[in-house]
Amino acid sequence: MVESYLPILVFIVLAVGLGVLLPVLGFILGPRRPDDEKLSPYECGFEAFEDSRMKFDVRYYLVAILFIIFDLEIAFLFPWAIVLDKVGLFGFGAMALFVGILLVGFLYEWKKGALEWE
Amino acid sequence: MAEILELVWILAKIVVLLVPLLIAVAYMTYAERKVIGWIQLRRGPNRVGAYGLLQPFADALKLMLKEIVLPLNANRGLFVIAPMLSIMPALAAWAVLPVGQGLVIADVNAGLLYVLAMASLGVYGVIVAGWASNSKYALLGALRAGAQVVSYEIAMGFALVGVLMASGSLNISEIVEAQAGPIWNWFWLPLLPLFIVYWISGVAETNRLPFDVAEGESEIVAGFHVEYSGMAFAVFFLAEYANMILISGLAAIMFLGGWYSPFHGLPVLGPIFDLVPGMIWFCLKVAFFLFCYIWFRGTFPRYRYDQIMRLGWKVLIPVTVVWLVVESVFILTGFGPWF
Amino acid sequence: MIELIIFYVFAAVLIFAATMVITARNPVHSALFLVLAFFNSGVLWLLAQAEFLGIAVVLVYVGAVMVLFLFVVMMLDINVAPLREGFARYLPVGVLVGAAMLLEMLLVLGSGELSAVGLAGGASEALGGVGTAQSNTALIGNVLYTIYVYPFEVAAVVLMLAIIAAIMLTLRRRSGTKHQDIAKQVHTRKAERLRVVRMNPEKRD
């Protein structure tokens, strides 16, 4: 069974190789004339105003955490989706409870406004 | 010895898939310019070669000969790796997609899970590129694009779960075979809300209009790849189009019956249309979705970022969850001809 | 043969990546090496016939958890130098803790309770016997929602607590910002916004 994954490994190695080969080709074939103005970060023609680090915006962190939770929910849903006919009503009930509990969390975040602004 | 032969055979199959795929990606750029041109009542490129058909090669040559500018203070190693991180998942996911009956490189039992994992990896190219560029706009664009991709992955995952419930297997060939039959046997009909949600999520995942605010050309000037030029930029471009073709291929496989003709199994029309090989039907369906992609780009205005996030979290996820419950009731009670 | 080569290659890269995680100077490099480490361990799990879990590691850890790490590490300008200064002072305690963990692992793994035959035999009996036509994922699904339903539901509660805790700890309502009620915007009707007025034509002198 695990032998069927060998082509995937070869494919990934090939894709990585392609992704490395193309920019390397570009480096070899393209001119290299570094210039102060060319190398400065893009700011619509101005000098850069301040350090490029921005203030920490906690909304991105919140989105990422919520994504982890729902990704785990999907990972739990995958085996259930396949064996739905075998585990029957009991399995359906177990998953309904699981999704229901997570739905409570989702409702909480909706009402609290964690899904706003972004 | 036998193992080396096997490796060579695998390599041959991969090359047979990759070369047309890369050509398709290149010509996708041409198709987009032509179709958008016609939508805007003008012709697209028509100078280079007959009808402009050699345009992609001209573009590739130009990009290859341009200088790749490594910005000051940019993190060199990560700057160069980011395009590779972008294109690797887009290509690697094709290893498990069947383009015809039995025409798949790796027939794994967890194919759909693998495809979802590769889609999750796609966010890394964006984030690393944005950070490594040492530019405010790039970082902001990267974080926003990353948050957007990640939000729509949830809706996409739920839609995939719906398909799994209907087909009963993670093996992609078996998912297609579960749809064997004419057009009303395919999954788009019982899973219509999931189909629509998957399609919208797919467009949002690839950062295409109307969801392309993170690389919005007029707002934050190409976002996370603003500091890239030459071949490195080309690789990002290729990765985006490869992702588009991947999403279209997945939609064709999961909802539109893969390689089956719309009249498969019907008494008179069935055998006639079955003479056309399955691969052609698959390519036709993928082409239809790609045309929709270009059509959306030429027609819709751009969503604002908070509207995008609202759509992903507050609309698509509840729709999918509700339909999953409905579908599981269908399956448990044996309703309809599909389950 | 190929499996052996693959195993050694990926195990070596895993150990290298894990070492780089703790020794890299730049925290973003550290996080990216951790991504590499997770990817490699996913491949190793695949080699151990754990198909679903191997790919789930890539899906959840690499695809979700490390994205969170990267978001945070990239936005915070972490100055690593002062954090590294106390290294020499904490070394003895660190070695002690590390040795204790190593001892515990050796005790558990070498005890014979977890011998390969015992584990495989017991597990495959519970999962329906070796050589069934069911995929690895289906085998997991068969037991997860029936025999192990209690830990499954506990997992749901833990996840919900994670949502609530994350929101309670991080959500700050910024005063003075205007935000739009999109639902209201979508539900406006023409009658609420537009009024057509009929006027008589007037003479212009």
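Residues numbered from 1 in each chain as written. Chains lettered and ligands numbered in written order. Predicted model: local features only at pLDDT ≥ 70, side-chain atom pairs only at ≥ 80, totals over all residues. Heavy atoms only, no water.

Chemist: So, the UniProt feature "transmembrane region" (unreviewed entry) in chain A: which residues are in play, and what are the values?
Modeler: Residues and elements named next belong to chain A. UniProt's feature table lists "transmembrane region" (unreviewed entry) at residues 6–29, 60–82 and 88–108, given in the numbering used throughout. Secondary structure content for residues 6–29 is 100% helix and 0% strand, while the C-alpha to C-alpha distance between its ends is 34 Å. Between the end C-alpha atoms of residues 88–108 there is a gap of 30 Å, over a span that is 100% helix and 0% strand. (UniProt positions renumbered as here; feature names shortened; annotations may be inferred. Helix = DSSP H or I, 4+ residues; strand = E, 2+ residues; numbered from the N terminus.)

Chemist: Tell me about the environment of Val 73 of chain C, residues and numbers included.
Modeler: Residue and element names in this part refer to chain C. You can see Val 73 is positioned in helix H3 (residues 51–75). On the accessibility criterion, Val 73 (15% relative accessible area) is buried. Contact partners of Val 73, with chain neighbours within four places excluded, come to Pro 27 and Val 28. (Buried < 20%, exposed > 50% of the residue type's maximum accessible area, 1.4 Å probe, protein only. Contact = heavy atoms within 4.5 Å.)

Chemist: Quick one: what's the story with the interface of chain B and chain A, residue by residue and with numbers?
Modeler: On the chain A side, the residues contacting the 76 residues of chain B number 61 residues. Here chain B packs against chain A, burying approximately 6300 Å² in sum over the two surfaces, 79% of which is carbon and sulfur. Joining chain B to chain A, the criterion identifies zero residue pairs in polar contact (both at pLDDT 80 or more). When contributions to the side of chain B that touches chain A are tallied by element, the ones reaching two or more residues are helix H1 (2–39), helix H3 (76–92), helix H4 (111–132), helix H5 (136–167), helix H8 (230–255) and helix H11 (305–333) of chain B. In terms of residue count, the dominant contributor to the side of chain B that touches chain A is H5 of chain B (16 residues). Looking at the side of chain B that touches chain A residue by residue, the classes come out as 58 nonpolar, seven polar and eleven charged. (Buried area = accessible area lost by both parts, 1.4 Å probe. Polar contact = N/O pair within 3.5 Å; in protein donor to acceptor, adjacent residues only side chain to side chain. Nonpolar A, V, L, I, M, F, W, Y, C, P; charged D, E, K, R; others polar.)

Chemist: Provide a residue-level description of unusual backbone geometry, including the pertinent values.
Modeler: Residue Pro 210 of chain B follows Leu 209 of chain B across a cis peptide bond; omega there is 5 degrees. Here Pro 210 of chain B lies in the loop between helix H7 (192–205) and H8. The phi dihedral of Tyr 51 of chain B is positive, around 60 degrees, even though this residue is not glycine. Non-glycine residue Gln 49 of chain C carries a positive phi angle of around 70 degrees. Looking at the element boundaries, Gln 49 of chain C is found in the loop between helix H2 (27–47) and H3.

Chemist: Explain empty space enclosed by the protein to me, and be specific about the residues and the numbers.
Modeler: For the structure shown, the criterion picks out two cavities of 30 Å³ or more. The volume enclosed by the largest cavity comes to roughly 380 Å³. Lining the largest cavity are 29 residues, with Gly 122, Glu 205, Thr 206, Ala 239 and Asn 243 of chain B positioned closest to its centre. Elements supplying a minimum of two residues to the lining of the largest cavity: H3, H4, H5, H7 and H8 of chain B. Top contributing element to the lining of the largest cavity by residue count: H8 of chain B, with eight residues. In terms of residue class, the lining of the largest cavity is made up of 20 nonpolar, six polar and three charged. Within this model, the second largest cavity holds a volume of roughly 40 Å³. What lines the second largest cavity is simply Pro 23 and Phe 27 of chain A together with Ile 68, Phe 79, Val 80, Pro 83, Tyr 228 and Ala 232 of chain B. (1 Å grid on protein atoms, 1.4 Å probe; cavity = no way out; pocket = protein on both sides within 12 Å on 5 of 7 lines; lining within 4 Å. Points joined across faces, edges and corners; volume = space filled by probe spheres on them.)

Chemist: With reference to specific residues and values, describe the layout of surface pockets.
Modeler: One number sums up the size of the largest pocket: a volume of about 1300 Å³. Along the walls of the largest pocket sit 45 residues, with Ile 12 of chain A, Met 88 of chain B together with Phe 10, Leu 36 and Phe 39 of chain C positioned nearest its centre. Secondary-structure elements contributing two or more residues to the lining of the largest pocket are helix H1 (6–29) of chain A, H1, H3 and H4 of chain B together with helix H1 (2–23), H2 and H3 of chain C. Take the lining of the largest pocket: its biggest share by element is eleven residues, from H2 of chain C.

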